[in-house]
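An overview of the molecular structure
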Amino acid sequence: MHDKLPPGITLIKADDFQTWLMDIRVIDSNPIYQGETYRLKFTFSPQYPIEAPEVTFQKTETHPIPWHPHIYSNGIICLDLLDRSGWSPVHNVESVCVSLQSMLTSNTKKERPAGDENFVRYNTQRPRDISFVFHDNQV
Amino acid sequence: MDSSFELPDSTDWIPTSLPAFGPLEAALRCEVCKEFYNNPVITSCNHTFCSICIRRCITADGKCPSCKTGCSSDRLAPNIAVREVVMRFQEARPKALKLARAGKEEESAKHDRKKRKLDDTDIEEDDASRHTRSQQTRSRSQRNRGAADAPVEVADSDDGGDEDFVPEGMAKCPICSRSMKAELVYNHLDVCTGPDASQGRNTRSKAKSAFPIALQRRQREPSPPPTRLSQLNYAMLKEGGLRKKLQEAGIPSWGSKDLMKRRHVEWLNIYNSNCDSDDSVRKNKRQLLRELDEWEQTQGGKADTKESKIMKKDFDGEGYAKSHKTDFDDLIARARQKGATPRVADGEDASKQGKPLDGQHSDPRDTPTNPDSGTDPPPNQGPSNTHPPHNTHNPYENNESALASIRAKVQEANHPAFKGTTLSSERSMESVRQRSSDTSESMQNPCGAPSRKVPMFALPEEPLRDVEGSTAVQ
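Treat the numbers as computed from the prediction; the structure is a model and nothing was measured. For every chain, the first residue of the written sequence is number 1, and numbering continues from 1 onward in sequence order. Each chain takes a letter, starting from A, and each ligand takes a number, starting from 1, following the order in which they are written. Local features in this predicted model are restricted to residues whose pLDDT is 70 or higher, and side-chain atom pairs enter the listing and the counts only when it is 80 or higher, whereas totals over whole chains, interfaces and linings include all residues. By convention in this description, side-chain values take in all heavy atoms of the structure and omit both hydrogens and water.

1. Things to note about the overall build of chain B
Heads up, the rule is: Elements are defined by DSSP. Helices are runs of H or I of four residues or more, strands are runs of E of two residues or more, and each kind is numbered from the N terminus. The cut-offs for exposure are 20% and 50% of the maximum accessible area for each residue type, with area from a 1.4 Å probe on protein chains only; residues under the lower value are buried, those over the upper are exposed, and the others partly exposed. By definition, residues are in contact when any of their heavy atoms lie within 4.5 Å.
Summing up its helical and strand segments, chain B has 19 helices and 5 strands in all. Among the 474 residues that make up chain B, the fraction classed as buried is 38%. Excluding contacts between residues fewer than 6 apart, the proportion of contacts in chain B whose partners are at least 24 apart in sequence is 58%.

2. With respect to the interface of chain A and chain B
Put simply, the test is: Here the buried area means the combined drop in accessible surface, using a 1.4 Å probe, for two parts upon being joined, counting both sides. The working definition used for a salt bridge is a side-chain nitrogen of Lys or Arg within 4 Å of a carboxyl oxygen of Asp or Glu. Polar contacts here mean pairs of N or O atoms no more than 3.5 Å apart (in protein, one a potential hydrogen donor and the other a potential acceptor; neighbouring residues in sequence count only if both atoms are side-chain atoms). When residues are sorted by character, Ala, Val, Leu, Ile, Met, Phe, Trp, Tyr, Cys and Pro go into the nonpolar class, Asp, Glu, Lys and Arg into the charged class, and all the rest, Gly among them, into the polar class.
Tallying the contact residues gives 18 residues for chain A and 21 residues for chain B. Both sides together, the interface formed by chain A and chain B hides about 1,500 Å², and carbon and sulfur atoms give 61% of it. Our count for the contact surface shared by chain A and chain B stands at 0 salt bridges. Applying the counting rule to chain A against chain B returns 5 residue pairs in polar contact (both at pLDDT 80 or more). A breakdown of the residues in the side of chain A that touches chain B according to their chemical character gives 9 nonpolar, 6 polar and 3 charged.

3. Some words on the sheet that holds strand 4 (residues 54–58) of chain A
Residues and elements named next belong to chain A. The criterion, for reference: When DSSP finds two or more bridges between two strands, those strands count as paired. Angles run from 0 to 180 degrees between N-to-C directions of axes, and those axes are lines fitted to C-alpha atoms, restricted for helices to the stretch in contact.
One open sheet holds the 4 strands; their spatial order is 1-2-3-4, and the pairing between them is antiparallel. At either end of the open sheet lies a strand with only one pairing partner, and these are strand 1 (9–13) and strand 4. For this sheet, the mean inter-axis angle between neighbouring strands, taken without regard to orientation, is 30°. For strand 1 and strand 2 (residues 19–25), the ladder comprises 4 bridges, and the chain directions are antiparallel. Within the sheet, the bridge partner assigned to Thr10 lies in strand 2 and is Asp23. Packing against the sheet, helix 1 (residues 93–105) makes contact with strand 1, strand 2, strand 3 (37–43) and strand 4, and its axis sits at approximately 35° to strand 2.

4. Some thoughts on the sheet that holds strand 3 (residues 77–78) of chain B
Residue and element names in this part refer to chain B. The strand order across the open sheet built from 3 strands is 2-1-3, with neighbouring strands paired in antiparallel fashion. Every interior strand has two partners, whereas the edge strands, strand 2 (48–50) and strand 3, have only one. Alignment of strand 1 (residues 40–42) against strand 2, held across 3 bridges, turns out to be antiparallel. By the bridge assignment, Ile42 is partnered in strand 2 with Thr48. Sheet strands touched by helix 2 (residues 51–61): strand 1 and strand 2. Its angle to strand 2, the strand with the most contacts, is close to 100°.

5. Considering the packing of helix 9 (residues 239–249) of chain B against helix 10 (residues 257–275) of chain B
Residue and element names in this part refer to chain B. Which entries qualify depends on this criterion: By definition, turning the near helix anticlockwise from the far helix through less than a right angle yields a left-handed crossing, and turning it clockwise yields a right-handed one.
Taken N-terminus to C-terminus, the directions of helix 9 and helix 10 make an angle of 35°; their axes are 10 Å apart at the nearest point. Like other packed secondary-structure pairs, helix 9 and helix 10 cross with a definite hand, here left-handed. Contacts between helix 9 and helix 10 involve Glu239, Leu242, Arg243, Leu246 and Ala249 on the former and, on the latter, Lys257, Met260, Lys261, Arg263, His264 and Trp267. Within the contact of helix 9 with helix 10, the residues separate by chemical class into 5 nonpolar, 1 polar and 5 charged.

6. Considering the UniProt feature "domain: SAP" (unreviewed entry) in chain B
Short version of the rule: UniProt positions are given in the numbering used here, feature names are shortened, and annotations may be inferred rather than shown by experiment.
The positions that UniProt labels "domain: SAP" (unreviewed entry) are, in the present scheme, residues 234–268 of chain B. Its end C-alpha atoms 13 Å apart, residues 234–268 of chain B is made of 66% helix and 0% strand.

7. Looking at the UniProt feature "active site" (unreviewed entry) in chain A
If you check UniProt for "active site" (unreviewed entry), the listed places come out as A:Cys78 in our numbering. Relative to the assigned elements, A:Cys78 resides in the loop between strand 4 and helix 1.

8. Section: the environment of B:Leu288
All names here are of chain B. Relative to the assigned elements, Leu288 resides in helix 11 (residues 285–298). In this structure, the C-alpha to C-alpha distance between Leu288 and Trp267, residues 21 residues apart in sequence, is 8.2 Å. Every residue in contact with Leu288, bar those within four places of it in the chain, is listed here: Trp267, Ile270, Tyr271, Asn274 and Lys283.

Right under this line is the structure:
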């Protein structure tokens, strides 16, 4: 299905319909993300595509968590597209990757979200159960 | 992924001589499920989706997936033109794809010939190794060659081919193997005329089996478009009322109110999307019930959720015990071994403090965690297993009353093999009997009991009355 992926997006693992791994790079010359590749983990529920997949960045030796004011240092992404309210079944793995790419591209601040440390330490919820407040329309 | 697991996709066109067909095909696929439109319907915001897809989306959030405007399922209308186009495209696809691939091969062959001279087979190999994808898909197109003119999707192909499928709440008549509601089988058996009377008829409800054959045949003819079912007001319905509604609709009615509600919503989606289909491919209720059963397996009450199934109310304890029998056996055997080891040392003490009470030997034996059974051979090893005899001996030393009562018990326990035997050596015979009765008991009920009657790690209720004074062990 995703044989011809847009530049900067690579399919790493898609053995089943539960978990997929994708690598994304930022194509243009944004200094924050220069030369880095980020690994995304997609977790699908049986209700997919009616329900949004769970998408997080995965930290490995070669794949850091990108700096972004809406990406927590544990890889959880605050993006309305991935939330229940913002998700639409017409999205797919490719379109989510492209959205994340553009979200990174347009970012100029090398920082973590406010309260990152607390959130990372105390969060035990799965991303889909967290109720994010979407306040920033710039992203 | 398995190489046999090939799916037609719009990207199939990319390596061919007709790459422009890729977007064309993509336009004929539903944006939600990415398949070719199946019973396409158009929304009030003029977007087209498969009927089942948009109905499920509306159930989830009431919005159009494309433009996020509000949508309601009763304003969906079949998009007949798209349905026709998709059907014709699918019919033409295999042949067109084959031609497009052949065209590409020719092009590259020409290209190659400029560089070096090759015979035809070489060209093919060369081409194939370069375009692994085209190689993969070519094999499919070759497979399809014979049926190139036939539609790709054979509608209703499984109609009648699934005689074994019995929908929830239905049962098969053992004589004519018609399926009907379970509670009607007995009444039906009185009037069943045997397998010949209705052979071949794909009856699926009791109402129809009661009709004469002439009337049943009418079902086969194209029926007028069925009317769509309307939503229920679930908030107004009590659990019992909803259950009744589900029964009336002929769908499974077990589970909590929430599950029944979800099931009914899904049933409406399946049923109503079938109403949007073309007459020629409209499915019968049996097939729809099968689809509902599929939903039940994946997303409904039978879904394999990650939450612990054991904690659920409707957990099938017996089935679980059966399927994990070997594990349980293993654990029990190990627990017994452990239990037996310390007793060897404490045997002397136990014999003195353990004061057996008449008539209570059999009770602790029933409880699976009974430490008494620590000396039993595991059921699979059989009674011939050697085991330290003094374990069973010691407690009965100097205790003739206990021995007498055990003998009585053993006589009761119906062991004809031992009945006529004279007890030349009381002690050893006793141990044999004790063992054999224990063994036979664990044979009859090797493992079923432990998981259900008593929690594995809970203390048995009457451990202290054990004849062997197992208090020392515990």
